[in-house]
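Chain residues, written in single-letter form:
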Amino acid sequence: PLDQVLDGSPSSKRLVRLGREIWVASYPIGFEGNSQGHAIMRRGTIASIPSILFETKKPGRFIPASFLVDITNFGGDSGSPVLLVENGKPFVCGITIARLMTLPNEEESGKPVVPQGPLGISLCLQSTFIRDVIESVD
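Residues numbered from 1 in each chain as written. Predicted model: local features only at pLDDT ≥ 70, side-chain atom pairs only at ≥ 80, totals over all residues. Heavy atoms only, no water.

(A) Examining the overall build of the protein chain more closely. Along its length, the protein chain carries three helices and eight strands. Residues classed as buried in the protein chain amount to 31% of the 138 residues present. In the protein chain, the proportion of contacts linking residues at least 24 apart, taken out of those at least 6 apart, comes to 58%. With an accessible surface of roughly 8800 Å², the protein chain has 58% of that area assigned to carbon and sulfur atoms. (Helix = DSSP H or I, 4+ residues; strand = E, 2+ residues; numbered from the N terminus. Buried < 20%, exposed > 50% of the residue type's maximum accessible area, 1.4 Å probe, protein only. Contact = heavy atoms within 4.5 Å. Areas by Shrake-Rupley, 256 points an atom, 1.4 Å probe, with all protein chains shown as cover.)

See the structure below:
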């Protein structure tokens, strides 16, 4: 239900805070939780203070409001809901969109910077974008 997707109001913003436990319902590398095809629930924490939307130097281009979660993101996880539970009720606070990768020190290697492996940190869009998309559909 749409009332379980946080809307960016002051009361919603109080729920999405640094260190808060979250859950991600996903299909890491295409795995399913059981033979009925249910998602796998993984637990993590909000690892950064949510950012705000701002316009880039290119007119009409925006950096989306996002936050980091301390959970490893795998192929198949993009678009997975990020949930938090308040008073026994689940709320969608975002969706996963990318995993952060470690990078070698370019000065030391003298070679182009190439991702080396996952940091165990995932980038998530804030739920206000989910609401915007749902509300824009007729």
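(B) Up close: the confidence of the model for the protein chain. Summary statistics for the protein chain give a mean pLDDT of 82 and a share of 77% for residues scoring 70 or more. Mean pLDDT values for the elements of the protein chain range from 55 in helix H2 (residues 106-109) up to 95 in strand E6 (residues 81-86). (pLDDT = per-residue confidence, 0-100.)

(C) Spatial organisation of a nonpolar patch on the surface. Taken together, the side chains of Ile-29, Phe-31 and Phe-74 present a nonpolar region at the surface, about 320 Å² in accessible area. Its place among the elements puts Ile-29 in the loop between strand E1 (21-26) and strand E2 (40-45). Looking at Ile-29, the relative accessible area reads 59%, which means it is exposed. (Patch = residues over 30% accessible without salt bridge, like charges linked within 9 Å, V, L, I, M, F, W, Y side chains within 5 Å. Salt bridge = Lys/Arg side-chain N within 4 Å of Asp/Glu carboxyl O.)

(D) Highlighting the side chain of Asp-77. With respect to the helices and strands, Asp-77 occurs in the loop between strand E5 (66-69) and E6. Classification of Asp-77 by relative accessible area gives buried; the value is 1%.

(E) Region of interest: the pattern of salt bridges. Scanning the entire structure with this criterion turns up five salt bridges. Here Lys-89 and Asp-3 are joined by a salt bridge, their closest N and O atoms 3.9 Å apart. Pair noted here: Lys-89 is in strand E7 (residues 89-102) and Asp-3 is in the segment before helix H1 (10-15), with a separation of 86 residues, a long-range link. Overall, Asp-3 belongs to the exposed group, its relative accessible area being 54%. One salt bridge connects Arg-42 with Asp-77, and the closest N-O pair in it is separated by 2.5 Å. Here Arg-42 is found in strand E2, whereas its partner Asp-77 is found in the loop between E5 and E6, with 35 residues between them in sequence.

(F) Geometry of the environment of Ala-39. Of note, Ala-39 is situated in the loop between E1 and E2. Residue Ala-39 is classed as partly exposed on the basis of its relative accessible area, which comes to 29%. In this view, Ala-39 contacts Ala-25, Ser-26, Tyr-27 and Gly-33; residues no more than four positions away in its chain are not counted.

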